[in-house]
Amino acid sequence: DTGVSQDPRHKITKRGQNVTFRCDPISEHNRLYWYRQTLGQGPEFLTYFQNEAQLEKSRLLSDRFSAERPKGSFSTLEIQRTEQGDSAMYLCASNTGSTYNEQFFGPGTRLTVL
Amino acid sequence: AQSVTQPDIHITVSEGASLELRCNYSYGATPYLFWYVQSPGQGLQLLLKYFSGDTLVQGIKGFEAEFKRSQSSFNLRKPSVHWSDAAEYFCAVGERDDKIIFGKGTRLHILP
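As the structure is a prediction and not an experimental result, all values here were calculated from the model.

Trainee: Residue-level account of the nonpolar core, with values.
Mentor: In this structure, Leu19, Trp35, Leu47, Leu48, Phe74, Leu76 and Tyr89 of chain B are the most contacted members of the largest nonpolar core, which totals 26 residues. Broken down by secondary-structure element, the contributors of at least two residues to this core are strand 2 (10-14), strand 3 (19-21), strand 5 (32-38), strand 6 (44-50), strand 8 (64-68), strand 9 (73-78), strand 10 (87-94) and strand 12 (106-111) of chain B. Here this core gets four residues from one element, more than from any other, and that element is strand 10 of chain B. Beyond its immediate sequence surroundings of up to four residues, Leu19 of chain B is in contact with Ile11, Val13, Phe63, Leu76, Arg77, Lys78, Val81 and Leu108 of chain B. Counting 19 residues, the second largest nonpolar core, distinct from the first, contains Cys23, Ile26, Tyr90 and Val113 of chain A.

Structure below.
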């Protein structure tokens, strides 16, 4: 299967710890997106990359959050000093960046902060 | 600012019955509209999308949606639901291939 993959699928951590998530997009896709989904809500945009360049960041992405895509392939999302409010599903999506192109989503990483 | 409203948090229908899920959007220009489905433990899957042209859009799994500019709506329909359709459905609006703004979702329950 060559879809979007995310690792880990589940992460439980204690408040104050740092966590890092990885997303591997579909191989020919040069755009990569991160979303956050909390219980009972739809996904909310966090940030996106065109190749290795981070083009936009949401106000939801506080200073504790950082995302990278160093070689324009996989991406990492790091949360420093986690808080209970960070508990959510973190979704990654990718596409080719062409006009009208749909985004293909991965299965997500579910973060629980105790 | 763009926004999407899905007025129904939960919908329950009997298997074999017809389905309509409502969606209203707020967007200044011609919207790019999507319906995604999310099953437990799985990622979001695109059901259908509208960018231009025919306002009645056909999607996968027998779903269709109709874009009505005058009502700012993009309702999802299916003539006969199956138990496997039980899931959460998200309406979304996008600006070209940029970020997508999702509604809060409608959870669909199917009665046997």
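Trainee: An account of the state of the cysteines is requested, with residue identities and associated values reported.
Mentor: Using the criterion set out here, one finds two disulfides over all chains in the structure. Sulfur-sulfur distance for the disulfide between Cys23 of chain A and Cys92 of chain A comes to 1.8 Å. Residues Cys23 of chain A and Cys92 of chain A share a disulfide whose torsion about the S-S bond is about -70 degrees; that sign makes it left-handed. Here Cys92 of chain A lies in strand 9 (residues 88-95) and Cys23 of chain A lies in strand 3 (residues 19-24), a separation of 69 residues in the sequence. A single burial state applies to Cys23 of chain A and to Cys92 of chain A, both of which are buried. Through a disulfide, Cys23 of chain B is tied to Cys91 of chain B; the S-S separation comes to 1.9 Å. Measuring the twist about the S-S bond at about -65 degrees, one finds the Cys23 of chain B-Cys91 of chain B disulfide to be left-handed. With Cys23 of chain B in the loop between strand 3 and strand 4 (24-26) and Cys91 of chain B in strand 10, this pair connects stretches of sequence that are 68 residues apart. A relative accessible area of 0% means that Cys91 of chain B is categorised as buried.

About the criteria used
- Residues numbered from 1 in each chain as written.
- Chains lettered and ligands numbered in written order.
- Predicted model: local features only at pLDDT ≥ 70, side-chain atom pairs only at ≥ 80, totals over all residues.
- Heavy atoms only, no water.
- Core = buried A, V, L, I, M, F, W, Y, C linked by side-chain atoms within 4.5 Å.
- Buried < 20%, exposed > 50% of the residue type's maximum accessible area, 1.4 Å probe, protein only.
- Helix = DSSP H or I, 4+ residues; strand = E, 2+ residues; numbered from the N terminus.
- Contact = heavy atoms within 4.5 Å.
- Disulfide = S-S within 2.5 Å.

Note that all results are geometric; they support no functional claim without further evidence.
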